Structure formats: structure tokens, C-alpha cells
Amino acid sequence: MSILNQIIKKNDCIIDFLMDYNKNDLSIFGILGINLTLINYGINKNDESYISKALQNIENIQSKLQNNIKTISVYGQGLISLGVFIDYIEKYQIADIDSNLLKVIIYSGFQNGTLLLKSNNLDFVAGATGIGFYFVNKIQKVNFAHNFLSEWVNKTYNLTKNKIIVYDKHLSNNNKKIINLGLAHGLTNILKLALKLNKIEFETHKTRIIINKIIQFYKNIVTIENEYFYPHTITNSVINKDFKSRMAWCYGDLSLAYILYQASLFLNDLELNHLALNILKQTTIRKKIEETQVVDASLCHGSSGIAHIYNKIFNYTNDEVFRTAHTFWLQYTLNLAHNKNGTLGYIIPNNTDKKKEVGLLSGIAGISLSFQSSIFNTFDWDFCLLLDEI
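Computed from a predicted structure; not experimentally measured.

Calculation criteria
- In this numbering scheme, every chain counts its residues from 1 along its sequence in written order.
- It should be noted that, the model being predicted, local features are given only for residues of pLDDT at least 70 and side-chain atom pairs only at 80 or more, the latter also being counted only at that level, while totals for whole chains, interfaces and linings use all residues.
- Values reported for side chains reflect all heavy atoms of the structure, with hydrogen atoms and water molecules removed beforehand.
- Helix numbers and strand numbers start at the N terminus; a helix is a DSSP run of H or I with at least 4 residues, a strand a run of E with at least 2.
- To get the radius of gyration, use the C-alpha atoms; to get the globule rule, take the number of residues to the power 0.38 and multiply by 2.2 Å.
- Between buried and exposed lies partly exposed: a residue is buried under 20% and exposed over 50% of the maximum accessible area for its type, with that area taken using a 1.4 Å probe on protein chains only.
- Two residues form a contact once any of their heavy atoms are found within 4.5 Å.
- Here, Shrake-Rupley sampling with a 1.4 Å probe gives the accessible areas, and only protein chains in the shown set may cover a residue.
- Stacked, tilted and edge-to-face are the three classes applied to pairs of Phe, Tyr and Trp rings, where Trp contributes its six-membered ring and a pair requires centres within 6.5 Å; stacked means planes under 30 degrees apart, edge-to-face means over 60, and tilted covers the rest.
- Cation placement over rings: the criterion is NZ of Lys or CZ of Arg within 6 Å of the ring centroid and within 35° of the ring normal.
- Here the nonpolar core consists of buried residues drawn from Ala, Val, Leu, Ile, Met, Phe, Trp, Tyr and Cys, with membership extended through side-chain atoms lying within 4.5 Å.
- Criterion for a salt bridge: a side-chain nitrogen of Lys or Arg within 4 Å of a carboxyl oxygen of Asp or Glu.
- The rule for a disulfide is simple: a pair of cysteine sulfur atoms within 2.5 Å.
- Helix span, expected: 1.5 Å multiplied by one less than the number of residues in the helix.

K.L.:
Is there a simple way to explain the overall build of the protein in this structure?
P.N.:
Within the protein, the secondary structure is distributed over 15 helices and two strands. The C-alpha radius of gyration computed for the protein amounts to 20 Å, which stays within 12% of the reference 21 Å derived for 390 residues, consistent with globular compactness. The dimensions of the protein, computed from C-alpha atoms along their principal axes, are 55 × 50 × 40 Å. When each of the 390 residues of the protein is scored for burial, the buried share is 56%. The contacts in the protein between residues at least 6 apart in sequence include a share of 67% that link residues at least 24 apart. If you sum the accessible surface of the protein, you get close to 16700 Å²; carbon and sulfur atoms cover 48% of it.

Here it is in C-alpha cells:
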């Protein structure tokens, strides 16, 4: 059986499972993400039944959120997560949205985002930068969006204009200052938002300085002495060259170099383009567990996320080395579906919460989305991983 037929068969099993799954939480990376997976599949298959099922599931989530507007509101959880999902379904005009609900989401995002900026929390999943991504397409229409992103630019500009002092709020303390380079929680997602803002000519002077400072920082710290090019964190300005950076969406060379590659195209920076492509090609050599640290199939830190990024890079470059890498990691993902105690064979090591094996970021919904992009050659869903176009 060809690998395409294998992933079609496995994806059908996942979709059938998700159609019968009815638990709800408040996360775009959790159950909201499951419904995004069903809608994406329905659009790709031109089948309304999957879309209708997802929209039915969302009704309960909306009610739960509206009755608890004080819940944490960031990209990965709460009202902003719902707002991200609503933006996705509005794009396809598949449901009517309550305008009052949108006002609540926007106001909640502004309030929470302002507090996060004051605490220097520029995380994507759980901080102010994620809220910035929610607001970026609303700048022209919503005052709260414009005002928040002006605050975000000023904060980020002040933390990058002289020396990079964007510290991970969760990992740092008074004695240990950690710069996180990962796409999920670190400097790379800040670069992506600054690029998006610069493209729409928002605070152009400051966003370009932010972009240039971060890129120069990456050029300065790149290393070729080890099997990896970048660490996932830097502690007290010291790079631990013995620390092996993983292969993943959340951390490591692959997703970092992917964003640098996008930046090189936007900036027409040939030097950066050469650096990014060199790193990306070198990552394709890393396949053993001790080289990759890949032990599960998730989008976040597992094989399906890696496969998807290579799929995207191949679509950019048409370079066969990335098609081959994409195929390798698809097969790797299929091979991991063997644990009888997991969900459809997939399990997250050291995790006893079966919900985490179902969602978008860490579970089978995300694996399905990676498979869907391979089957249908569509990528509309991966904005939620910051892998969309600048």
C-alpha cells in the first residue's frame, strides 16, 4: 500500500473517532482544535456533515465561555482561543456569529493582553504576543486591536532595540534570566508578528528595527560546532553548547529556520536565505531518536509537526530533499501508531490524560491536520502554528 493510501486510511479512522468525541474545553489547541480539524476536513471533502458536527459542538463551548468571561484569555486558552476559531469559520462564511460575543472576546483580549504586556510576558501560546496575532487582522476595524498592538510594538521595541532582553516569564527567576528561542514560547514568534505588522505598514520604523535586531541576534549566535545550530534557550547570556536542541515545531532548528526562511523572502535578504536553507537541509539528516528527541507523533513536539513543516518547505522551494524528508516523517508518524493503550495507537509518553491524546497540539486531531495537508495539499489551518504566510 502506498504511503498516500496509508495516511488516507489512518486519517479516516481519526476523523471517525473525532466525530464521536463530545468532550469540550476552552482551548484552540484542545477541543476547539478538534472542531477546526473536522471543519477543515469537511471543506477539503466538500462534505457538510463534518462542518455541521463541529458547529454543534461549538454551541456548548460558546455558552460556557460567555458565562465565565473572567477565564484566562490567551491564544491557547479561553475567549481568545474561541475568537481565533471564529475567525477561521468566518473566513468560510459557514456560521452566523453573535456580534455581542465578538465584542466580549475583543475587550477580554485587550484587558488581559495589557496586563501581560505590563509583566513582560511575550509568549505566543500563553502571553501577549498570541493576543497580538489574534488582533493583527483587526487593526483597521477595531480600536482595541490598534491600541493593543501599538503597546505591543513599543514594549517589544524597548526590549530589543539595544540588547535582546526578552526573557521567558515561566522559566526565568531573579538569578536566572532565560531567553527562549522556540516558536511556541520564545523570540521566534515575536519575529513572526513583527514581520506581519511590518508587511501591513503598522509602526513601520519600530517593527523593522525589531525584525533587524532579532535577525542579527540569530546570525550572531548560530553555531556549526554541534549537530544543531541553535539551542532552545539561552541562560544568563550563555549558550550551553552541550545541550541538544530537539527537532520539533515548538523548539529547535527546524521551526526557527522556517521562520528565518520566510523572513528572508520578505526582506529579500540573500544572506539570511542561504543561512536558513542550509539549516533546513541539515535538519533532514537528523533521523535517530538521539539526534531528534522525537518519541511521539504530535504536532507540537512530534513527528507529524516535523512532517508538516517539511511539506511546507517543499511547497516553497520544490526541492526534492524536503519532499523526501516529508515522506520519511509521514512514515515515522504512521509507524508510531502501535501502542494498544493509546488513542488509535498514539500515546504521549508520561501522560495519563487521554484528552491530551485527542487535541490539536498534542493529539490525534493535529496528526489528522498534518495528514490532511499531505492528502489535499492545503494549509489553511496552520495559521494556529504560525506557519502561515507573512
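K.L.:
Looking at this structure, how should I read the packing of aromatic side chains?
P.N.:
Aromatic ring pairs: the centre-centre distance and the angle between the two ring planes describe each pair. All told, the structure shown has 21 aromatic pairs when counted by the stated rule. Between the aromatic rings of tyrosine 75 and phenylalanine 124, the centroid separation amounts to 4.6 Å while the plane-to-plane angle is 45°, which identifies the pairing as tilted. Residue tyrosine 75 is located in the loop between α3 (48-66) and α4 (79-91), and its partner phenylalanine 124 is located in the loop between α5 (99-118) and α6 (128-135); the two are separated by 49 residues in the primary sequence. One exposure class covers both tyrosine 75 and phenylalanine 124, and it is buried. Seen in terms of ring centroids, phenylalanine 217 and tyrosine 218 are 6.1 Å apart; in terms of plane orientation they differ by 55°. Their pairing is tilted. Per residue, the accessibility class of phenylalanine 217 equals that of tyrosine 218, and both read buried. Following the ring pairs from residue to residue traces out a cluster consisting of Phe29, Tyr75, Phe124 and Phe133. The ring centre of tyrosine 157 lies 5.4 Å from the NZ or CZ of lysine 206, which sits over that ring.

K.L.:
For this particular structure, what's the right way to read the environment of histidine 170?
P.N.:
Assignment of secondary structure puts histidine 170 in the loop between α7 (143-160) and β1 (178-180). Residue histidine 170 is classed as exposed on the basis of its relative accessible area, which comes to 56%. In the structure, histidine 170 is positioned 107 residues away from leucine 277 in sequence and 31 Å away in space, judged by C-alpha atoms. Once you skip the residues sitting within four places of it in the chain, histidine 170 turns out to touch Asn121, Asp123 and Ala126.

K.L.:
Would you take a moment to explain the nonpolar core for this structure?
P.N.:
Here is a general trend for soluble globular proteins: nonpolar side chains tend to be buried in one another's company. Formed by 129 residues in total, the largest nonpolar core has its most connected members in Trp152, Leu181, Tyr218, Tyr230 and Trp249. Those residues in contact with leucine 181 that sit more than four places away from it in its chain are Gly186, Leu187, Thr188, Phe217, Tyr218, Ile221, Tyr230, Pro231, His232, Ile234 and Leu256.

K.L.:
Help me understand the pattern of salt bridges, please; the structure alone is not making it clear to me.
P.N.:
Where charged atoms from two side chains of opposite charge come close, those side chains can pair. On inspection of all chains with the given rule, the structure shows 10 salt bridges. Measuring nitrogen to oxygen at the nearest pair gives 3.4 Å for the salt bridge that ties aspartate 253 to arginine 286. One end of the pair, aspartate 253, is in helix α10 (residues 253-267); the other, arginine 286, is in the loop between α11 (270-283) and α12 (289-292), with 33 residues separating them in the sequence. Judged on exposure class, the residue aspartate 253 and its partner arginine 286 are both buried. Measuring nitrogen to oxygen at the nearest pair gives 3.0 Å for the salt bridge that ties aspartate 382 to lysine 312.

K.L.:
When you look at the state of the cysteines in this model, what are you seeing that I'm missing?
P.N.:
The term disulfide refers to a covalent linkage connecting the sulfur atoms of a pair of cysteines. In this structure the tally under the stated criterion is zero disulfides. Counting only cysteine sulfurs, cysteine 250 is the nearest neighbor of cysteine 300, a cysteine outside any disulfide, at a range of 3.9 Å. Cysteine cysteine 384 remains unbridged, with the sulfur of cysteine 300 as its closest cysteine sulfur at 11 Å. Judged by its relative accessible area of 0%, cysteine 384 is buried.

K.L.:
What is the right way to look at helix α15 (residues 364-376) in this model?
P.N.:
What sets the pattern is the α-helix's 3.6 residues per turn: residues three or four places apart point alike. Taking 1.5 Å of rise per residue, the 13 residues of α15 would be expected to cover 18 Å, and the 18 Å separating its terminal C-alpha atoms lies within 8% of that figure. Of all 13 residues in α15, 11 are buried; the element is thus mostly enclosed. Among all positions in α15, only Ile364, Ala365, Gly366, Ile367, Ser368, Leu369, Ser370, Phe371, Gln372, Ser373 and Ser374 are buried. Summarising the contacts, the buried residues of α15 are in contact with α1 (3-19), α2 (31-45), α13 (303-317) and α14 (320-335). One or two positions beyond α15, positive phi appears at asparagine 377, with a value near 55°.

K.L.:
I tried to follow unusual backbone geometry on my own but got confused; where do I start?
P.N.:
Only a minority of non-glycine residues have a phi that is not negative, and only a minority of peptide bonds are not trans. Even without being glycine, glutamine 93 reaches a positive phi, approximately 50°. Along the chain, glutamine 93 turns up in the loop between α4 and α5. Given a relative accessible area of 72%, glutamine 93 falls into the exposed group. For glutamate 203, which is not glycine, the phi torsion reads 50° and is therefore positive. In this fold, glutamate 203 is placed in the loop between α8 (187-199) and α9 (204-221). Look at glutamate 203 and you get partly exposed, because its relative accessible area is 30%.

K.L.:
Would you take a moment to explain the environment of threonine 114 for this structure?
P.N.:
The residue threonine 114 is located in helix α5 in this model. Taking the C-alpha atoms as reference points, threonine 114 and isoleucine 164, separated by 50 residues in sequence, lie 21 Å from one another. Not counting the four nearest positions on each side in its chain, threonine 114 is found in contact with Phe148 and Glu151.

K.L.:
How do you make sense of α10 when you look at a structure like this?
P.N.:
Compared with an ideal rise of 1.5 Å per residue, which puts 15 residues at 21 Å, α10 spans 20 Å between its outermost C-alpha atoms and is within 8% of the ideal. When you tally the buried positions in α10, you get 13 out of 15 residues, the bulk of the element. Asparagine 268 occupies a position one or two residues after α10 and carries a positive phi of about 55°.

Just distances and angles here, no functional claims.
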